[in-house]
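Structural overview for review
Letter by letter, the chains look like this.
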Amino acid sequence: MSSFLVRGAYVLTASASDETPAVIRHGAVHIVEGRIAAVDTYAALRTAHPDIPVHGGARDIVTPGFVNTHGHFSEGLITGIASQFTLWEWIHALIRPVSPFLDREKAYVGTLLAGAQMLMSGITTANDMFVADPRPAAPVTPGVVAALDDLNLRGVVSFGAGDVGSTLGVQAEFDEHEALLEAARSSRLSTFRVGIGAVGGQSEAMFARSVDFATGGGHGVHIHLQEVREEVTATVQRTGVTAVAHCEREGLFRAPTLAAHCVWLDPHDRDILARNRVGVAHNPVSNMILASGVAPAAELRRMGIDVGIGVDGPASNDSQDMMQAIKSTALLARVHHQQATALSAVDAFEMATIGGARALRMDRTIGSLEPGKAADLVQFDGDSLALANIHDPYQAVVFAAGARDISSVWVDGECSVRGGVVTRVDAAEVVARSRPLAAQLVTAAGLPHLSDLADTAEGARP
């Protein structure tokens, strides 16, 4: 039986229960067969289990694994392109040209590349929406699930379906849904959601079918909602109401829904989200890069809406570093409100852990260090330069630490990162394998004006 302890100077549990304190000084977590068996002081757990292995040190910080509530592995091979565009320009300049040329191999390798970076920044659960134009009889998205399994990274996977502007037809989009659903059912760590790229990206007939597929099949939903002001205007002109109100009116929110961005919300939209318990993925870095605006994350949380943090895609963030996203969450709220108390380090930490789990309706399984939950943990190196002197553990994690200070990461009780290095894949091999695929992708998409790699046959410059 696999049984071990993970110890630290601080165990930040993200728990709100009376049984498990939020902070345990000189604490430890007891892991048995991939689950958390106990959380207590190190002295108590070591006395009870004197012979089992111990990971971590007396100066470390131990936290729950971070929950990335929104991203796009479909962008894994196009990091650092087209940041001069706002969202709609960026979609037309980059995402639409690339989408027809994504295949299963590119999905697999792009997920390995981005997922490894996520793990190294403490992410143990990634909620993904793969955006592509699927080809008949050649499903793309199962490559995402295969890569997540190989990395030992928990996934919530979806396909960002939309027939507006596509020549493939609605059935091809739903064939991709079905292929991804089957892959997730065969996976140990991945679960499926119905992806809707955006309300405006689906015809009325397809949106109605998406609602039926989600609600009739008992699936959750992953959708972009009101990311930019233009989306609100276009949807009101087409449907008479905002995208949020349209989703409620058409019955989408009968399914557990995670809405990404939610930047441009009016008071009525906010009430709808709260009333329907729609989870929100706040993506501060991509919202800043694409100049989309500032999401009202603090206000939504005060209304009781579950808000998590997303790193967003490798082409819109462009880093896949959760530590950057957590720090940016707090800082953006503070500068926006010009108030240092707008969002605290504890608030940002909560959003990255149990808040994200609640937004995905997964808080019974992940998001906090409590007995019975999956053993998803992050160990911060207390002997690193950034954590040499820990005055406040929350501020140390949110404001001082970076991905470089993360020593180990466990997912479902298995070590996916040790010594700051991913354990399940060879990072150098992933990098080498990605280069010709990235060059092929941007060349096929006709992007020499955006990417130097489009000029090279093999994707590697001397």
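Residues numbered from 1 in each chain as written. Predicted model: local features only at pLDDT ≥ 70, side-chain atom pairs only at ≥ 80, totals over all residues. Heavy atoms only, no water.

Here we look at unusual backbone geometry
Put simply, the test is: The secondary structure listing takes helices from DSSP runs of H or I that are at least 4 residues long and strands from runs of E that are at least 2 residues long, numbered from the N terminus. The rule is simple: take the accessible area with a 1.4 Å probe, protein chains only, and divide by the maximum for that residue type; under 20% is buried, over 50% is exposed, in between is partly exposed.
Residue Asn317 is joined to Asp318 through a cis peptide bond whose omega torsion reads 10 degrees. Even without glycine at this site, His26 takes up a positive phi of about 50 degrees. As for its position among the elements, His26 is in strand S2 (residues 23–32). By relative accessible area, His26 is classed as partly exposed at 48%. One non-glycine residue with positive phi stands out, namely Gln226, at about 50 degrees. Positionally, Gln226 belongs in the loop between strand S10 (220–225) and helix H7 (229–239).

Thoughts on the nonpolar core
Generally speaking, soluble globular proteins have nonpolar side chains that are buried together. Let me state the cut-off plainly: We call a set of buried Ala, Val, Leu, Ile, Met, Phe, Trp, Tyr and Cys residues a nonpolar core when their side-chain atoms join them within 4.5 Å. Here, two residues are considered to be in contact whenever any of their heavy atoms come within 4.5 Å of each other.
Core analysis: the biggest nonpolar cluster contains 131 residues, and Phe66, Leu94, Leu225 and Phe380 have the highest contact counts within it. With nine residues, the top contributor of residues to this core is helix H3 (residues 104–120). Contacts of Leu225, omitting those with residues within four sequence positions, involve Val199, Glu231, Ala243, Val244, Cys247, Phe253, Ala259, Ala260, His261, Cys262 and Val263. By size, the runner-up hydrophobic cluster in this structure holds 14 residues, among which are Val11, Leu369, Ala375 and Cys415.

Things to note about the pattern of salt bridges
Our working rule: Each reported salt bridge corresponds to a side-chain nitrogen of Lys or Arg within 4 Å of a carboxyl oxygen of Asp or Glu.
Counted according to the given criterion, the structure contains 16 salt bridges. For Arg277, the salt bridge is made with Asp306, and the minimal N-O distance between the two is 3.5 Å. In this pair, Arg277 is assigned in the loop between helix H9 (267–275) and strand S12 (279–282) and Asp306 in the loop between helix H11 (297–302) and strand S13 (307–309), connecting sequence segments 29 residues apart. Classification of Asp306 by relative accessible area gives buried; the value is 17%. Measuring nitrogen to oxygen at the nearest pair gives 2.9 Å for the salt bridge that ties Glu350 to Arg358. Among the charged side chains, a network of salt bridges with common partners joins Arg154, Arg188, Asp376, Asp412, Glu414 and Arg424.

All we've got here are geometric facts, nothing functional implied.
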